[in-house]
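# Working through the structure, step by step
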Amino acid sequence: AQTVTQSQPEMSVQEAETVTLSCTYDTSENNYYLFWYKQPPSRQMILVIRQEAYKQQNATENRFSVNFQKAAKSFSLKISDSQLGDTAMYFCAFMKLPIIQGAQKLVFGQGTRLTINP
Amino acid sequence: GAVVSQHPSRVICKSGTSVKIECRSLDFQATTMFWYRQFPKQSLMLMATSNEGSKATYEQGVEKDKFLINHASLTLSTLTVTSAHPEDSSFYICSAVLTGGDGYTFGSGTRLTVV
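On a predicted model such as this, the values are computed, not experimentally measured, just so you know.

Let us now look at the interface of chain B and chain A. In this complex, chain B contributes 26 residues to the contact, which on the side of chain A involves 22 residues. Carbon and sulfur atoms make up 53% of the surface buried where chain B meets chain A, a total of about 1900 Å² over both sides. For the interface between chain B and chain A, the tally reads one salt bridge. Ionic pairing is found between E59 of chain B and K105 of chain A, a salt bridge with its closest N-O pair at 3.0 Å. At the junction of chain B with chain A, the criterion picks out eight residue pairs in polar contact (both at pLDDT 80 or more). Split into classes, the residues belonging to the side of chain B that touches chain A amount to 10 nonpolar, 12 polar and four charged.

Right, let's get into the sheet that holds strand 3 (residues 19-26) of chain B. Residue and element names in this part refer to chain B. In spatial order, the strands read 1-3-8-7; together these four strands make up an open sheet with antiparallel pairing. On the outer flanks of this sheet lie strand 1 (3-7) and strand 7 (67-73), each paired with one strand and no other. Within this sheet the neighbouring strands show an average axis-to-axis angle of 15°, counted without direction.

Membership of the largest hydrophobic core comes to 26 residues, with the highest contact counts inside it found for W35, Y58, F67, I69, L79, Y92 and L112 of chain B. Elements supplying a minimum of two residues to this core: strand 2 (10-13), strand 3, strand 4 (32-38), strand 5 (44-51), strand 7, strand 8 (76-81), strand 9 (90-97) and strand 11 (110-114) of chain B. With residues near it in sequence (within four places) discarded, F67 of chain B still touches R37, M47, Y58, V62, L79, T80, V81, D88 and Y92 of chain B. Within the second largest apolar cluster, 25 residues are counted, among which are Y25, F64, L77 and F94 of chain A.

With that settled, consider the packing of aromatic side chains. Aromatic rings in a pair are described by how distant their centres are and how their planes are angled relative to each other. The tally for this structure, following the rule as stated, stands at 17 aromatic pairs over all chains. Ring centres of Y37 of chain A and F108 of chain A lie 6.2 Å apart, and the angle between their planes is 55°; on these two criteria the pair is classed as tilted. Placement of Y37 of chain A in strand 5 (residues 32-39) and of F108 of chain A in strand 11 (residues 107-108) is noted, with a sequence separation of 71 residues between them. Relative accessible area serves as the criterion here: at 0%, Y37 of chain A is assigned to the buried category. Under the relative-accessibility criterion, F108 of chain A is labelled buried at 11%. Look at Y36 of chain B and F106 of chain B: their rings are 6.3 Å apart centre to centre, the planes differ by 45°, and that puts the pair in the tilted class. Here the residue Y36 of chain B occupies a position in strand 4, and F106 of chain B occupies one in strand 10 (residues 104-106), the gap between them amounting to 70 residues. Taking the relative accessible area as the measure of exposure, Y36 of chain B reaches 1% and is therefore buried. Given the relative accessible area of 4%, F106 of chain B is considered buried. Linked through ring pairs, Y33, F35, Y37, F91 and F108 of chain A together with F34, Y36, Y104 and F106 of chain B together constitute an aromatic cluster.

Residues and elements named next belong to chain B. Examined against the element boundaries, L68 turns out to sit in strand 7. Among the residues examined, L68 registers a relative accessible area of 38% and is labelled partly exposed. For the pair L68 and L79, spaced 11 residues apart in sequence, the C-alpha separation works out to 5.6 Å. If sequence neighbours within four positions are ignored, L68 has contacts with Y58, T78, L79, T80 and T82.

The rules behind each value
- Throughout, a residue's number is its position along its own chain's written sequence, starting from 1.
- For naming, the first written chain is A and the first written ligand is 1, with later ones following in the order written.
- Only residues with pLDDT of 70 or above have their local features reported here, since the model is predicted, and side-chain atom pairs are shown and tallied only from 80 upward, although totals for entire chains, interfaces and linings are computed over all residues.
- Remark: hydrogens and water are excluded; side-chain values derive from all non-hydrogen atoms of the structure.
- Residues are treated as being in contact if the distance between any of their heavy atoms lies within 4.5 Å.
- Here's the idea: put two parts together, see how much 1.4 Å probe accessible area each one loses, and the total over both is what we call buried area.
- We define a salt bridge as a side-chain nitrogen of Lys or Arg found within 4 Å of a carboxyl oxygen belonging to Asp or Glu.
- Identification of polar contacts relies on pairs of N or O atoms within 3.5 Å, with a donor-acceptor requirement for protein atoms, meaning one able to donate a hydrogen and the other able to accept it, and with residues adjacent in sequence counted only if both atoms are side-chain atoms.
- Gly counts as polar in this scheme, as do all residues outside two lists: the nonpolar Ala, Val, Leu, Ile, Met, Phe, Trp, Tyr, Cys and Pro, and the charged Asp, Glu, Lys and Arg.
- Note on pairing: two strands pair once DSSP finds at least 2 bridges between them.
- Each helix corresponds to a stretch of at least 4 residues labelled H or I by DSSP, and each strand to a stretch of at least 2 residues labelled E; elements are numbered beginning at the N terminus.
- Axes here mean lines fitted to C-alpha atoms, for a helix over just the part in contact, with angles spanning 0 to 180 degrees between N-to-C directions.
- In this text, buried Ala, Val, Leu, Ile, Met, Phe, Trp, Tyr and Cys residues form a nonpolar core when linked through side-chain atoms within 4.5 Å.
- Relative accessibility thresholds used throughout: buried, under 20% of the residue-type maximum; exposed, over 50%; partly exposed, between the two (1.4 Å probe, protein chains only).
- Stacked, edge-to-face and tilted labels apply to pairs of Phe, Tyr and Trp rings (six-membered ring for Trp) whose centres lie within 6.5 Å, assigned for plane angles under 30 degrees, over 60, and everything in between, in that order.

See the structure below:
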């Protein structure tokens, strides 16, 4: 079974600073996706970024980027120029492939509560 | 983008009554939907997987007779909490699988309070 571990329950940084959230996972699968989801106070889950395991290039989305280390099974999220709106709970998640109906479970980490201070 | 509409957003019910939560996929067909439960300051716990036209698959430890899931169409899945008790109070979230490996799209959640 797959497991996802986020070892930082809470983090806090000043606005405009850069922050990195860590995530490690354990799997025997070779093909999978990794995701970072954001859950703001509204509790709506929002996809931040995704990474396909077969791609060596790290995914980036504007101020968000990942450091994907497949051999180390590490998937950290870097937020640059942090903004007050980035304050949220962040979840790392794993989904194995291939996609078969009913088999695409998302396995979540415990979450990291990130606070951006003005 | 693909949207899942979840209703109600909040519900308060008395102990012993049943509550139905609906999730509808808008502008796309969701053959598979997932139901999660989230306690305060905790992660999402998968309760069950619902597939259109077939019985739901429940995770270990989830009472299938208490949490009834129906996925009668490609756009609607429902979760009914039967004979609710205060310990069933929680935040429930549904999600649908997107094609192309985009992961999930999530409903906005339902806060259930049983008094």
